[in-house]
Amino acid sequence: MIKKISLSILLSTLVFSQEVTLDDLVTKALNNSPDIKISQASYKASSQKTLQADADYLPQVNLNAEAGKQSVDYKDQKVDVGAGQTPLEFGRQETDLLLGSVTAKQLIYDFGKTTGNIEKFEYQEKASKSSMQQTISNKIFSVKKSYYALLSQHALVKVNQEDVKLNEQQLYRSQRYFEAGIRTKVDITDAKVNLIKAQLSLQDTKYNIKLASVDLNKELGINSDKVSYDIYIPNLDLKNVYESLTKLTKDEKYYREEAYNNRAELQEYRYLVDSYKAQYKRINGDYYPGLYANGEYMLQDVDEDAFAPEEQWKATVSVEWNLFSGNKTKAQEEEARINILKSQAQLDDTLLKIQKEVSDAYISVNKELDNIKLSQSLTEASKEKYIQAEKRYENGLADFVELQEARQTYIDSLADLTQRYYRYYTALAQLDNAIGK
């Protein structure tokens, strides 16, 4: 339908140097739209949470260094060193302090608490990625929808211009017939009224083009004060509309299966179900102890008159077990179980929603296709009727009302055919969105 035209962007002025096509607009939207950037940022943030959870499996190493003074007062305490020996009296001692220590702690096993936490964030990351992909799919559809709405208004301009042209011809003809004494002045008045109505419709459509352009810019994420571009407007041949349409070659069941396999939103909720299951696993691990390997090494500079170790180390295996948390773990476990049921229900609801979206889109495509075929026939017949009415009017066999009705029917059918054409491609775009393309 649309031939490809390359896109060039002048980075200094952000102006498109050539007419842009639908593919160009979609690319621009995916690179520029704030909602796309928001979804990408959310995905990147979720991936960082996964990295944080992974860190629980790595050893935790801490380095500590201290420098200063230390004062210890033993008061009247004495240390007996043996019979006949003078007891040691330490009294008050002040020493310079300079020490460094390294401690390490490594998880050995915690009954699935850490693995559950990691799995939870991994599934949340996947869900966030699926959400981003769904946002991209929705953006592609919204750009297509706005694009076709804009093209529809451009096509209606030609219909309105044709309407104005026919009414101008009728006004000229009515004036000539009145001057020749063939018709009354009321035909001139009616022709003027109809011409103004046609001009109003043309003016409305031109403003609708501006409104449609604003909508498209919003979808593209474009600041219209900084960016300008021209859209490639394809020529619409209304004589062979039906024959030029892209037809569906698969049945509805095929498209539903495509949606089940490809729809990112559906995959997002599947991951969320798995995430809540992993969270339940993590919380359940709070009922059991955690086994850790610990290590500590300390080195310090000690004054000669101080009594303190200059070097020491320690290696231990410890068990940490919270025996009672005020029913906090039980409440968290119940909350996680409820969230699993809730997310499963959301998954089922999303599946039903997608089924409806696919069916609605599939029906809409076929509806518009069949209607275009009839609308094209109606346009051809109404044009023939208008030509006949025009000849009857010229020969005095029909009045102005009959001619006007025939002309209006022709223009209305032409406008309807134009709008149905773009509604058909919008329906195709909606079907693509529904199946996850």
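Residues numbered from 1 in each chain as written. Predicted model: local features only at pLDDT ≥ 70, side-chain atom pairs only at ≥ 80, totals over all residues. Heavy atoms only, no water.

Student: Any chance you could explain the overall build of the protein here in plain terms?
Tutor: The helix and strand tally for the protein stands at 9 helices and 8 strands. Computed over the C-alpha atoms, the radius of gyration of the protein is 40 Å, more than 25% above the 22 Å expected from 2.2 N^0.38 for a compact globule of 437 residues. Each principal axis of the C-alpha distribution contributes one length, and for the protein these read about 155 × 50 × 40 Å. Looking at the protein as a whole, 38% of its 437 residues qualify as buried. Charge separation in the protein, taken as the distance between the mean sites of 57 positive and 65 negative side-chain charges, equals 10 Å. (Helix = DSSP H or I, 4+ residues; strand = E, 2+ residues; numbered from the N terminus. Rg over C-alpha atoms; globule rule 2.2 N^0.38 Å. Buried < 20%, exposed > 50% of the residue type's maximum accessible area, 1.4 Å probe, protein only. Lys, Arg positive; Asp, Glu negative; His and termini not counted. Charge placed at Lys NZ, Arg CZ, Asp CG, Glu CD.)

Student: I keep staring at the pairing of strand 7 (residues 290-301) and nothing clicks. Help me out?
Tutor: Every regular strand shows the same layout, with side chains that alternate between the two sheet faces. In this sheet, strand 7 lies alongside strand 6 (residues 92-109) in antiparallel orientation, the contact comprising 11 bridges. Looking at the pairing, Q106 lines up with A293 of strand 7. As paired elements, strand 7 and strand 8 (residues 311-320) share 10 bridges and run antiparallel to each other. Its bridge partner lying in strand 8, G295 is registered against A315. (Pairing = 2+ DSSP bridges.)

Student: How should empty space enclosed by the protein be read in this particular structure?
Tutor: Rolled over the atoms, a probe sized like a water molecule indicates the empty space that remains. Considering all chains together, one arrives at 1 cavity of 30 Å³ or more under this definition. As a volume, the largest cavity reaches approximately 40 Å³. Contributing to the lining of the largest cavity are N167, Q170, R173, Y386, F400, L403, Q404 and R407. Going through the elements one at a time, helix 3 (113-179) and helix 9 (400-434) are the ones with two or more residues in the lining of the largest cavity. Looking at which element gives the most residues to the lining of the largest cavity, the answer is helix 9, with 4 residues. Residue composition of the lining of the largest cavity, by class: 3 nonpolar, 3 polar and 2 charged. (1 Å grid on protein atoms, 1.4 Å probe; cavity = no way out; pocket = protein on both sides within 12 Å on 5 of 7 lines; lining within 4 Å. Points joined across faces, edges and corners; volume = space filled by probe spheres on them. Nonpolar A, V, L, I, M, F, W, Y, C, P; charged D, E, K, R; others polar.)

Student: Explain unusual backbone geometry here, please?
Tutor: Trans peptide bonds make up most of the peptide bonds, and negative phi angles are found at most residues other than glycine. Not every positive phi belongs to a glycine, and F111 is a case in point at roughly 55°. With respect to the helices and strands, F111 occurs in the loop between strand 6 and helix 3. When its relative accessible area of 38% is taken as the criterion, F111 is described as partly exposed.

Student: Explain the confidence of the model for the protein to me, please; I cannot follow it from the model alone.
Tutor: Detailed reading of the predicted coordinates is not advisable wherever pLDDT falls low. The share of residues in the protein with pLDDT of 70 or more is 92%, and the mean pLDDT across the chain is 86. For the protein, strand 1 (residues 9-10) is the element with the lowest average pLDDT, namely 32, and helix 6 (residues 252-262) is the one with the highest, namely 94. Considering only residues more than four positions removed or in separate chains, one finds that residues 1-17, a stretch of pLDDT under 50, has 41 contacts. (pLDDT = per-residue confidence, 0-100. Contact = heavy atoms within 4.5 Å.)

Student: It is not clear to me how the layout of surface pockets should be interpreted in this structure. Could you clarify?
Tutor: Quantified by volume, the largest pocket comes out at close to 430 Å³. Forming the boundary of the largest pocket are 20 residues, of which L236, D237, L238, K239 and L414 lie nearest the centre. The element best represented in the lining of the largest pocket is helix 3, accounting for 6 residues. In this structure, the second largest pocket encloses a volume near 360 Å³.

Student: Explain helix 8 (residues 328-394) to me, please; I cannot follow it from the model alone.
Tutor: Residues spaced three or four apart along an α-helix face the same direction, because each turn holds 3.6 residues. The terminal C-alpha atoms of helix 8 lie 92 Å apart, and with 67 residues this matches the ideal 99 Å at 1.5 Å per residue to within 8%. At the C-terminal side of helix 8, G396 shows a positive phi close to 75°. (Expected span 1.5 Å × (residues − 1).)

Student: Explain the environment of N261 here, please?
Tutor: When you line up the elements, N261 lands in helix 6. Note: C-alpha distance between N261 and T329 (68 residues apart in sequence) is 37 Å.

Student: Looking at this structure, how should I read the side chain of D187?
Tutor: Inspection of the secondary structure puts D187 in helix 4 (residues 185-220). An unpaired buried charge is present at D187: no salt bridge exists, and R183, the closest side chain of opposite charge, is 4.2 Å distant. Within polar-contact distance, the side chain of D187 engages the side chain of Y393 at 2.8 Å. Aside from chain neighbours lying at most four places away, what touches D187 is S174, Y393 and F400. (Salt bridge = Lys/Arg side-chain N within 4 Å of Asp/Glu carboxyl O. Polar contact = N/O pair within 3.5 Å; in protein donor to acceptor, adjacent residues only side chain to side chain.)

Student: Which parts of the structure should I look at to understand the packing of aromatic side chains?
Tutor: Remark: the centre distance and the inter-plane angle together describe each pair of aromatic rings, the angle taken between the planes. Under the definition given, this model contains 14 aromatic pairs. A ring pair is formed by Y147 and Y148, whose centres lie 5.6 Å apart and whose planes are at 55°; its orientation type is tilted. Ring geometry for Y148 and Y422: centres 6.5 Å apart, planes at 35°, overall tilted. Taken together, the positions of Y148 in helix 3 and Y422 in helix 9 put the pair 274 residues apart, joining distant regions of the chain. Y422 gets classed as buried once you look at its relative accessible area, which sits at 4%. Here the aromatic residues Y147, Y148, Y421, Y422, Y424 and Y425 are joined through ring pairs into a cluster of three or more. (Phe/Tyr/Trp six-rings, centres within 6.5 Å; stacked < 30°, edge-to-face > 60°.)

Student: What exactly am I supposed to notice about the pattern of salt bridges here?
Tutor: Charged atoms that come close allow side chains of opposite charge to pair. Tallied over the full model, the rule gives 21 salt bridges. Between E265 and R263 there is a salt bridge, and its shortest N-O distance comes to 3.1 Å. Relative accessible area serves as the criterion here: at 13%, E265 is assigned to the buried category. Its relative accessible area of 3% is what places R263 among the buried residues. Of the charged contacts, one joins K356 and D360 as a salt bridge, the two residues approaching to 2.6 Å between their closest N and O atoms. In this pair, K356 and D360 both sit in helix 8, 4 residues apart, roughly one turn of the helix. Using a relative accessible area of 54% as the deciding quantity, one classes K356 as exposed.

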